[in-house]
Amino acid sequence: MNIKELLLNGKSFSELLKQFSIEADDVKIQDEDVILSDQILKHQEVVRESICIEGKNKEGIVNFFGTLHYNLLSKLAVFEMQGFEKITSPQVC
């Protein structure tokens, strides 16, 4: 199970996406493969990682910055947002 699926199991992450009009399919966790492949982290019960989550909506891209708390054994993940930035798409005339 990937981190995005674990986050979507919780209500708070889904609500965050709704606030910014972002669909779950339009979300990408940067460096997710690197985080999941770290052999040292696989043996820890709870892991904290600073991450960036990129989401796309009609207006452009929204980057969420924060800390990911997850436990792959229990299949739980929580995203603690510290900030975000909006990158709007340039308008074409």
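Each remark here, short or long, concerns the structure printed above.
Bear in mind the structure is a predicted one, so any value in this text is a computation, not a measurement.

Participant: If you had to explain the overall build of the protein chain to someone new, which residues and values would you point to?
Facilitator: Along the backbone of the protein chain there are four helices and four strands. The order of helices and strands in the protein chain, counted from the N terminus, is α-α-β-α-α-β-β-β. The buried share of the protein chain, taken over its 93 residues, is 34%. In the protein chain, the proportion of contacts linking residues at least 24 apart, taken out of those at least 6 apart, comes to 46%. Of the roughly 6,500 Å² of accessible surface on the protein chain, 50% is carried by carbon and sulfur atoms.

Participant: So, the nonpolar core: which residues are in play, and what are the values?
Facilitator: Counting residues in each nonpolar core, the largest one holds 20 residues, and the members touching the most others are Leu7, Phe13, Ile53, Phe64 and Phe79. Put simply, the parts of the chain that give this core at least two residues each are α1 (3-8), α2 (11-19), β1 (27-29), β2 (47-57), β3 (60-71) and β4 (76-88). Among the elements that take part in this core, β3 stands out by supplying four residues, more than any other. With near-sequence residues (within four places) excluded, Phe79 lies in contact with Leu7, Phe13, Leu16, Ile51, Ile53, Phe64, Phe65, Gly66 and Thr67.

How each quantity is defined
- Residues numbered from 1 in each chain as written.
- Predicted model: local features only at pLDDT ≥ 70, side-chain atom pairs only at ≥ 80, totals over all residues.
- Heavy atoms only, no water.
- Helix = DSSP H or I, 4+ residues; strand = E, 2+ residues; numbered from the N terminus.
- Buried < 20%, exposed > 50% of the residue type's maximum accessible area, 1.4 Å probe, protein only.
- Contact = heavy atoms within 4.5 Å.
- Areas by Shrake-Rupley, 256 points an atom, 1.4 Å probe, with all protein chains shown as cover.
- Core = buried A, V, L, I, M, F, W, Y, C linked by side-chain atoms within 4.5 Å.

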